[in-house]
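Take a look at the letters that make up each chain.
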Amino acid sequence: MSECGFYINTFDEFIKTNNNENEKALWKMKAIVELMKLTKENDQGDLCENGLRMIMLLHNNFVIYPFDINTSCVSKETVVNDNEFVSILKSEFI
């Protein structure tokens, strides 16, 4: 697994915890074990340090919002009118 692959996989697995504290604790332990296995094989000190920082920052400080999990949580009732949103976006960016 590459460094980039590790980061992507770790973040994807974190998102699946859905802010459940028990799931986040299990995720953290699993992510640390996976990181140790990966760095043991490749002897990459920077990856180990950066991976541990990422894991601890996500575990302690990152809140998952519904749009991080999937986009289906935006219901039809919240979308009043597409034209209204387009006009707001145009006024912001033009």
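Our structure is the block above this text.
Quick notes on the rules
- Each chain has its residues counted from 1, following the order in which its sequence is written.
- Predicted model: local features are reported for residues with pLDDT of at least 70 only, side-chain atom pairs are reported and counted for 80 or more only, and whole-chain, interface and lining totals are derived from all residues.
- In computing side-chain values, all of the structure's heavy atoms are included and hydrogens and water are not.
- Helix and strand definitions here come from DSSP, where helices need a minimum of 4 consecutive H or I residues and strands a minimum of 2 consecutive E residues; each element is numbered from the N-terminal end.
- A contact between two residues is defined here by any heavy atoms of the two lying within 4.5 Å.
- Only the protein chains shown count as cover for residues, with accessible areas throughout obtained via the Shrake-Rupley method and a probe of 1.4 Å.
- By convention a nonpolar core is built from buried Ala, Val, Leu, Ile, Met, Phe, Trp, Tyr and Cys residues, the set being connected through side-chain atoms within 4.5 Å.
- Only protein chains enter the accessibility calculation, which uses a 1.4 Å probe; a residue is then buried when its area is under 20% of its type maximum, exposed when over 50%, and partly exposed in between.
- Every helix has an expected span of 1.5 Å times one less than the residues it contains.
- The arc under discussion is defined with respect to the helix axis, by the directions toward the C-beta atoms.
- Within the patch definition used here, like charges are joined within 9 Å and nonpolar side chains (Val, Leu, Ile, Met, Phe, Trp, Tyr) within 5 Å, considering only residues with over 30% relative accessible area and no salt bridge.
- What counts as a salt bridge is simple: a side-chain nitrogen of Lys or Arg found within 4 Å of a carboxyl oxygen of Asp or Glu.

**Q** Where do I start with the overall build of the chain in this structure?
**A** The secondary structure content of the chain amounts to five helices and zero strands. Listing each helix as α and each strand as β along the chain from the N terminus yields α-α-α-α-α. Restricting to contacts in the chain with at least 6 residues of sequence separation, those with at least 24 account for 61%. In the form shown here, the chain has an accessible surface area of approximately 7,100 Å², with 57% of it arising from carbon and sulfur atoms.

**Q** Hey, could you run me through the nonpolar core in this one?
**A** Across soluble globular proteins, nonpolar side chains show a tendency to be buried alongside one another. Counting residues in each nonpolar core, the largest one holds ten residues, listed as Phe6, Phe14, Trp27, Ala31, Leu35, Leu38, Leu47, Met54, Ile55 and Leu58. Contributing elements (two or more residues each) for this core: α1 (3-15), α2 (21-42) and α3 (45-61).

**Q** In this structure, what is going on with α1? I would like to understand it.
**A** In an α-helix, one turn spans 3.6 residues, which is why side chains three or four residues apart end up on the same side. For α1, with 13 residues, the first-to-last C-alpha span of 19 Å sits near the 18 Å given by 1.5 Å per residue. All of the buried residues along α1 are Phe6, Thr10, Phe14 and Ile15. The buried residues of α1 all sit within an arc of 165 degrees when viewed along its axis, so they share a single face.

**Q** Whenever I open this one, a nonpolar patch on the surface confuses me. Can you help?
**A** Among the surface-exposed residues, Leu89, Phe93 and Ile94 lie close enough to one another that they form a single nonpolar patch of about 420 Å² accessible area. Residue class for Leu89 comes out partly exposed when judged on its relative accessible area of 49%.

**Q** I'm lost on the environment of Phe62 in this one. Help?
**A** Within the secondary structure, Phe62 sits in the loop between α3 and α4 (66-69). The exposure class assigned to Phe62 is partly exposed, which follows from its relative accessible area of 29%. Sequence separation between Phe62 and Phe14 is 48 residues; the distance between their C-alpha atoms is 9.8 Å.

**Q** Where do I start with the side chain of Thr10 in this structure?
**A** Take Thr10: it is sitting in helix α1. For Thr10, a relative accessible area of 5% corresponds to the buried category. With residues near it in sequence (within four places) discarded, Thr10 still touches Trp27, Ala31, Met54 and Ile55.

**Q** I tried to follow the pattern of salt bridges on my own but got confused; where do I start?
**A** Pairs may arise between side chains of opposite charge once their charged atoms sit close together. Per the stated rule, a full pass over the model turns up four salt bridges. The partner of Lys24 in a salt bridge is Glu21, and the shortest N-O contact between them spans 3.8 Å. In this pair, Lys24 and Glu21 are both assigned in helix α2, three residues apart and thus about one turn of the helix distant. We classify Lys24 as buried; its relative accessible area is 6%.

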